[in-house]
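Here is how the chains run, residue by residue.
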Amino acid sequence: MAAPMLRCARAGRGWSLGSRPRRTRPLFAEPAPGRVRGRSSAAAQEPRPGAREWAAVVGLEIHAQISSNSKLFSGSQVTFLAPPNSLVSFFDASLPGTLPVLNRRCVEAAVMTGLALNCTVNKRSLFDRKHYFYADLPAGYQITQQRLPIAVNGSLTYSLGVGAQWNPSATKTVRIKQIQLEQDSGKSLHDDTRSQTLIDLNRAGVGLMEVVMEPDMSCGDEAATAVRELQLILRALGTSQANMAEGQLRVDANVSVHHPGEPLGVRTEVKNLNSIRFLAKAIDYEIQRQIEELQNGGKILNETRAFDEKLGCTVPMRDKEGKQDYRFMPEPNLPPLILYDAESLPVAADPQQVVNIDWIRERLPELPSETRGRLVEQYGILPEHSFVLLNEDGLLDFFQNVMKETRAKPKKVIGWILSTFLGYLKQRNLAVRERGHQEGGLDLSVAELCKITSLTLPSTAYMCGMS
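Conventions and cut-offs
- Residues numbered from 1 in each chain as written.
- Predicted model: local features only at pLDDT ≥ 70, side-chain atom pairs only at ≥ 80, totals over all residues.
- Heavy atoms only, no water.
- Salt bridge = Lys/Arg side-chain N within 4 Å of Asp/Glu carboxyl O.
- Helix = DSSP H or I, 4+ residues; strand = E, 2+ residues; numbered from the N terminus.
- Buried < 20%, exposed > 50% of the residue type's maximum accessible area, 1.4 Å probe, protein only.
- Axes fitted to C-alpha atoms, helices over the stretch in contact; angles between N-to-C directions.
- Parallel < 35°, antiparallel > 145°, perpendicular 65-115°, else oblique.
- Left-handed = near helix turned anticlockwise from the far one by under 90°.
- Contact = heavy atoms within 4.5 Å.
- Nonpolar A, V, L, I, M, F, W, Y, C, P; charged D, E, K, R; others polar.
- Core = buried A, V, L, I, M, F, W, Y, C linked by side-chain atoms within 4.5 Å.
- Expected span 1.5 Å × (residues − 1).
- Bend = angle between axes of the 7 residues up to and from the residue.
- pLDDT = per-residue confidence, 0-100.
- Pairing = 2+ DSSP bridges.
- Phe/Tyr/Trp six-rings, centres within 6.5 Å; stacked < 30°, edge-to-face > 60°.
- Lys NZ or Arg CZ within 6 Å of the ring centre and 35° of its normal.
- Polar contact = N/O pair within 3.5 Å; in protein donor to acceptor, adjacent residues only side chain to side chain.

## Re the pattern of salt bridges
Going through the model one piece at a time under the given rule, you end up with 19 salt bridges. For the salt bridge of lysine 123 with aspartate 341, the shortest nitrogen-to-oxygen distance reads 2.6 Å. Of this pair, lysine 123 sits in the loop between strand E3 (120-121) and strand E4 (124-125) while aspartate 341 sits in the loop between strand E17 (337-338) and helix H5 (357-362), and the two are 218 residues apart along the sequence. By relative accessible area, which is 37% here, lysine 123 ends up partly exposed.

Pasting the structure below:
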């Protein structure tokens, strides 16, 4: 039977099925006419008459590492690229008799994130044990919040792309089921040369926020855009650096397909996606793989899969665990987490011993959507240009520095940035701002940056409109 061809329909709709010769290579190895790939999916070839339409359903589970000096339940430091096993407390190593002590900073970060994502923050939440046995999880269980998480019922609104341009008026909202606090596991380091696996527990016990999104998305582009918007929000809040290259933001995608009007299909989970670009590719590949499997009379297994970046395809990892496999139970060493607001705050409460939701709400910074609106109003730039300024890390700071140090017209500065500056950086594989320890970052000082890049801003007279 011929393999199907599909396309991601515009804002909210379905995957269309046609026919074409069966492939003998990975779906995303190289472009081909009519293929879904990134935002070009809108221009895919129309399905043949009579082809049945498929609907794809995508939900995300996003793990964001909390920006904190110490771990969630111990005083061990959190430092990227520290020597292996140099930041491990007795509790992190699960030595008998050690007990967890909750990190206040992590609680406040989760509350702030929940408020920014329009969630209801629960004044009473609970901790649970989630059992599974990996070498990098010494206790044999993870402390998480399965029954009653810290925040629930939120939403995230993002703008949809049209071709290579952003359309700020075309927005979509994904529901957020919950935000929960939990501890990270260690890291397994595989030495293929010596056929052995080494364990680094520096990451064990680091605080995570798991943001669970409802299955309101229908293709890789939508999921990638939602994750990027969340990434910007977390950075604006300062609750997570959300650097995917350093594992500070990891995404699990739940994907299924079905015919419109019929029950939802069996879902698979694509695990540990650590790049927005690969996230979109993995989801679109998995959607097409499932459609091809069903079209050929096969069956979709409820399993966990990984994305092979080199081959551009997903591969099986293991059967998907269910709740019965995790054997959830209440965490006996942690009492319920009690939060307060201005009305319920005890009169004699020590501010250092309680978390006040209203106090955190009053200190919420400007969020990305608000920043974009301000840029459009303050500088008179196009809405799509405000997206460019925020999406490139450090570019907004650079733009505002140029505006402070010159009398230039904003539109001409934007034109220079888009046509000359970003093109120069792209050609040399440089970034405006470098997070973490990667190479290729540039100073944000206007004079220094132009000196390093050997670029010259257009004359003040030109940029002020006098020539």
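## Focus: the packing of helix H2 (residues 220-237) against helix H3 (residues 276-295)
Two elements in contact, H2 and H3, have axes separated by 8 Å at closest approach and are oriented at 150°. For the element pair H2 / H3, the angle class is roughly antiparallel. Like other packed secondary-structure pairs, H2 and H3 cross with a definite hand, here right-handed. Only Ile276, Leu279, Ala280, Ile283 and Asp284 of H3 make contact with H2, whose side of the interface consists of Gly220, Asp221, Ala223, Ala224, Val227, Arg228 and Gln231. Each residue belonging to the contact of H2 with H3 can be placed in one class, and the counts come to seven nonpolar, two polar and three charged.

## Some remarks on the nonpolar core
One finds Leu60, Val111 and Leu279 to be the most contacted residues of the largest nonpolar core, which totals 69 residues. Non-local contacts of leucine 60, meaning those with residues more than four positions away in its chain, are made with Val211, Val212, Met213, Met217, Ala223, Val227, Val251, Asp252, Ala253, Leu279 and Ile283. Grouped together as the second largest cluster of nonpolar side chains are 22 residues, Leu389, Phe398, Phe399 and Ala408 included.

## Some details on helix H9 (residues 410-427)
A rise of 1.5 Å per residue sets the reference length of H9, with its 18 residues, at 26 Å; its end C-alpha atoms lie 25 Å apart and thus fit the reference within 8%. A bend of about 40° at isoleucine 417 is the largest found in H9.

## Section: the confidence of the model for the protein chain
Confidence in the prediction of the protein chain, expressed as mean pLDDT, is 82, and 79% of residues score 70 or more. When the elements of the protein chain are averaged for pLDDT, helix H11 (residues 460-463) gives the smallest value, 44, and strand E11 (residues 207-213) the largest, 98. Counted against residues more than four places away or in other chains, residues 9-13, with its pLDDT under 50, gives 12 contacts. Confidence drops under a pLDDT of 50 for residues 434-444, and excluding neighbours within four residues, the segment shows 35 contacts in the predicted structure.

## Some points on the sheet that holds strand E6 (residues 141-144)
If you walk across this open sheet you meet the three strands as E6-E5-E16, and the pairing is antiparallel. Each of the sheet's edge strands pairs with one partner strand only, and the pair in question is E6 and strand E16 (329-330). In terms of strand pairing, strand E5 (residues 128-131) meets E16 through two bridges, oriented antiparallel. Considered in E16, the bridge of aspartate 128 is made with proline 330.

## Some points on the packing of aromatic side chains
Inspection of the entire model under this criterion finds 10 aromatic pairs. Each ring, one from phenylalanine 398 and one from phenylalanine 421, has its centre 4.5 Å from the other, and the planes form 15°; the classification is stacked. Here phenylalanine 398, found in helix H8 (residues 395-405), pairs with phenylalanine 421, found in helix H9; they are 23 residues apart in sequence, far enough to count as distant. With respect to class, phenylalanine 398 is no different from phenylalanine 421; both count as buried. Joined through ring pairs, the aromatic side chains of Tyr132, Tyr134, Tyr326 and Phe328 make up one cluster. Positioned above the aromatic ring of tyrosine 326 is the side chain of lysine 130, whose terminal nitrogen or guanidinium carbon lies 4.3 Å from the ring centre.

## What to know about H2
Residue pairs three or four apart in sequence face the same way in an α-helix, which turns once every 3.6 residues. With 18 residues, H2 should cover 26 Å at 1.5 Å per step; its first-to-last C-alpha distance of 26 Å lies within 8% of that length. For H2, a buried count of 17 out of 18 residues is recorded, marking the element as mostly surrounded by other parts of the structure. One or two residues past the end of H2 sits glycine 238, with phi positive at roughly 80°.

## Here's the deal with the pairing of E5
Residue alternation in E5 divides its side chains into two sets, Asp128 and Lys130 and Arg129 and His131, and both sets are buried. Where E5 and E6 come together, four bridges link them in antiparallel fashion. Bridging from a neighbouring strand, histidine 131 pairs with tyrosine 141 of E6.

## Here we look at the environment of proline 260
You can see proline 260 is positioned in the loop between strand E12 (249-258) and strand E13 (268-273). Once residues lying within four places of it in the same chain are set aside, the contact partners of proline 260 are Glu53, Trp54 and Ala55.

## So, the side chain of asparagine 122
Position of asparagine 122 relative to the elements: it lies in the loop between E3 and E4. Given a relative accessible area of 15%, asparagine 122 falls into the buried group. A distance of 2.8 Å separates the side chain of asparagine 122 from the backbone oxygen of proline 149, its partner in a polar contact. In this view, asparagine 122 contacts Leu148, Pro149, Ile150, Ala151, Val152 and Leu339; residues no more than four positions away in its chain are not counted.

## Observations concerning the side chain of serine 240
Among the structural elements, serine 240 can be located in the loop between H2 and E12. For serine 240, a relative accessible area of 2% translates into the label buried. Polar side-chain contacts of serine 240 include one of 2.7 Å to the backbone oxygen of glutamine 65. Here alanine 242 takes part through its backbone nitrogen, which lies 3.1 Å from a polar atom of the side chain of serine 240. When residues no more than four places from it in sequence are discounted, the contact partners of serine 240 are Ala64, Gln65, Ser67, Leu234, Arg235 and Gln248.

## With respect to the environment of histidine 63
On the secondary structure map, histidine 63 appears in strand E2 (residues 53-65). Distance from histidine 63 to aspartate 184, taken between C-alpha atoms, is 9.1 Å for residues 121 residues apart in sequence. Once residues lying within four places of it in the same chain are set aside, the contact partners of histidine 63 are Glu182, Leu208, Met209, Glu210, Gln248, Leu249, Arg250 and Asp252. Among the polar contacts made by the side chain of histidine 63, one reaches the side chain of glutamate 182 at a distance of 3.3 Å.

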